[in-house]
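Chains, contacts and geometry: an overview
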Amino acid sequence: MTTPYYLVEEAKLRRNLSLIRDVAERSGAEIILAFKAFALWKTFPIFREYISHTTASSPDEARLALEQFGSPAHTYSPAYTEAGFADIVRCSSHITFNSLSQYQRFSPLAATDSHRPSLGLRVNPEYSEIETELYNPCAPGSRFGVLAADLPASLPSDIEGFHIHCHCESSAESFARTLVHIINKFSTWFPQLKWINFGGGHLMTRRDYNTELLIETLRTFHSRWPHLRMILEPGSAFAWQTGPLVASVVDVVENGGIRTAILDVSFTCHMPDCLEMPYYPEVRGARHVEDGCCGPHLYRLGGNSCLAGDFMGLWEFPYELSVGDEVVFEDMIHYTTVKTTTFNGVRHPSIVLQRVDGSRELLRKFGYEDYLARMD
């Protein structure tokens, strides 16, 4: 197999799916796949054996849900536009609005003669235990969700659900503590609702995750508000530790006592989440070190792009690296695959040429077919 390539391991994927289905059945909650973390649509026949629905954040993701997964999406976006909203309505069973102004603007359009999705609002509990601000949707000044203080006492009659997202690869203990704040902030409105979506970030397939506590927490919540349908939409949990990104060494260079193994992958092109976080991925057979004081086989890993900063860390290998040696980045299926292609199904900008006379020519417009092909 020619590198680079992502290797999705079916046995590990089915292990995660089995655990998620068990949690859903025992807790009474529906657990759905968030495309923002995993959208490799040729694996959807496997997913359909275990789950029935997905969550989307763009018109292209919503189309992916209906046309490739085979069921309408639970759709949320920070802001809908007129250009894509008709597809959102056609392809969605649930539509969540990020703000009251978005609701007022688009709710009159959120139905057809034969199809009416269930409408919801994203609300912000102003509490989260996420430590990295880049990933914290409840940080002060966040653009996500309506605050309790800004909600009317009586919700619009067509609002049927609340969507709450305040976790990122979090524990069941964190969810239990956060749920206390959610109840304190928003339980006044629960009698007016039909469903509540507790968002993503519930990393229930991590080895040390307390699934029994998650199940107990959800059951307890349901016992207090049995009329509310509970929904969770994790992304990472589905594809957690289901396969690596495999690269090869194409050169080894040295400068100032630092040896860099240049690979046939790029951090900025193929692993941007490593630079955004940043976090250090696990490299099979190697040990990440903080300084250069370790053994003789110490390498910085460099990407094969012209960006000066396209490199990461120092790793100690048990052997001398040579051209052609494989370097395996573990656990690179969730998030990394979608950020390599089209994150959240957000389309690339069109390319327009403005000529000397002021006229404009559209050179390229990107659409759903491009998104689908990139996820192929």
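Preceding block: the structure.
Attention in this report is confined to the structure presented alongside it. In this text, all values refer to a predicted model and were calculated from it rather than measured experimentally. (Residues numbered from 1 in each chain as written. Predicted model: local features only at pLDDT ≥ 70, side-chain atom pairs only at ≥ 80, totals over all residues. Heavy atoms only, no water.)

A separate point is the overall build of the protein chain. Along its length, the protein chain carries 12 helices and 19 strands. Taken over the C-alpha trace, the protein chain has a radius of gyration of 23 Å; the compact-globule value for 376 residues is 21 Å, and the two agree within 12%. When the backbone C-alpha atoms are referred to their principal axes, the protein chain occupies close to 65 × 65 × 40 Å. In the protein chain, which comprises 376 residues, the proportion classed as buried is 52%. Across the protein chain, every contact between residues at least 6 apart in sequence was considered, and the portion connecting residues at least 24 apart equals 68%. Put simply, the protein chain has 33 plus and 45 minus side-chain charges, and the middle of one group is 5 Å from the middle of the other. (Helix = DSSP H or I, 4+ residues; strand = E, 2+ residues; numbered from the N terminus. Rg over C-alpha atoms; globule rule 2.2 N^0.38 Å. Buried < 20%, exposed > 50% of the residue type's maximum accessible area, 1.4 Å probe, protein only. Contact = heavy atoms within 4.5 Å. Lys, Arg positive; Asp, Glu negative; His and termini not counted. Charge placed at Lys NZ, Arg CZ, Asp CG, Glu CD.)

A few words now on the packing of aromatic side chains. Per the counting criterion, the structure on display carries 23 aromatic pairs. Members of the aromatic cluster, connected to one another through ring pairs, are Phe35, Phe38, Phe44, Phe47, Phe69 and Phe238. Looking at Arg300, its charged tip hangs above the ring of Phe311, at a distance of 4.0 Å from the centre. The positively charged end of Lys339 is found above the aromatic ring belonging to Phe343, 4.8 Å away from the centroid. (Phe/Tyr/Trp six-rings, centres within 6.5 Å; stacked < 30°, edge-to-face > 60°. Lys NZ or Arg CZ within 6 Å of the ring centre and 35° of its normal.)

With their axes 9 Å apart at the nearest point, helix H3 (residues 59-69) and helix H4 (residues 82-91) run at an angle of 25° to one another. Here H3 is positioned roughly parallel relative to H4, judged by the angle of their axes. Remark: the crossing between H3 and H4 carries left-handed chirality. Packed against H3, whose contacting residues are Pro59, Ala62, Arg63, Leu66 and Glu67, the element H4 presents Gly84, Asp87, Ile88, Arg90 and Cys91 at the interface. Classifying every residue of the contact of H3 with H4 by side-chain character gives 5 nonpolar, 1 polar and 4 charged. (Axes fitted to C-alpha atoms, helices over the stretch in contact; angles between N-to-C directions. Parallel < 35°, antiparallel > 145°, perpendicular 65-115°, else oblique. Left-handed = near helix turned anticlockwise from the far one by under 90°. Nonpolar A, V, L, I, M, F, W, Y, C, P; charged D, E, K, R; others polar.)

A few words now on empty space enclosed by the protein. Applying the stated criterion across every chain yields a total of 1 cavity of 30 Å³ or more. By volume, the largest cavity is sized at about 50 Å³. Lining the largest cavity are Thr55, His74, Thr75, Tyr76, His94, Thr96, His163, Trp195, Asn197 and Glu233. Going through the elements one at a time, strand E5 (73-77), strand E6 (92-97) and strand E10 (195-197) are the ones with two or more residues in the lining of the largest cavity. No other element matches the 3 residues that E5 contributes to the lining of the largest cavity. Residues belonging to the lining of the largest cavity are distributed by class as follows: 2 nonpolar, 7 polar and 1 charged. (1 Å grid on protein atoms, 1.4 Å probe; cavity = no way out; pocket = protein on both sides within 12 Å on 5 of 7 lines; lining within 4 Å. Points joined across faces, edges and corners; volume = space filled by probe spheres on them.)

This part is about unusual backbone geometry. With an omega of 0°, the peptide bond between Thr3 and Pro4 qualifies as cis. Topologically, Pro4 is positioned in the segment before strand E1 (5-6). Even without a glycine there, the phi angle at Gln241 is positive, about 55°. With respect to the helices and strands, Gln241 occurs in the loop between helix H8 (236-239) and strand E12 (245-255).

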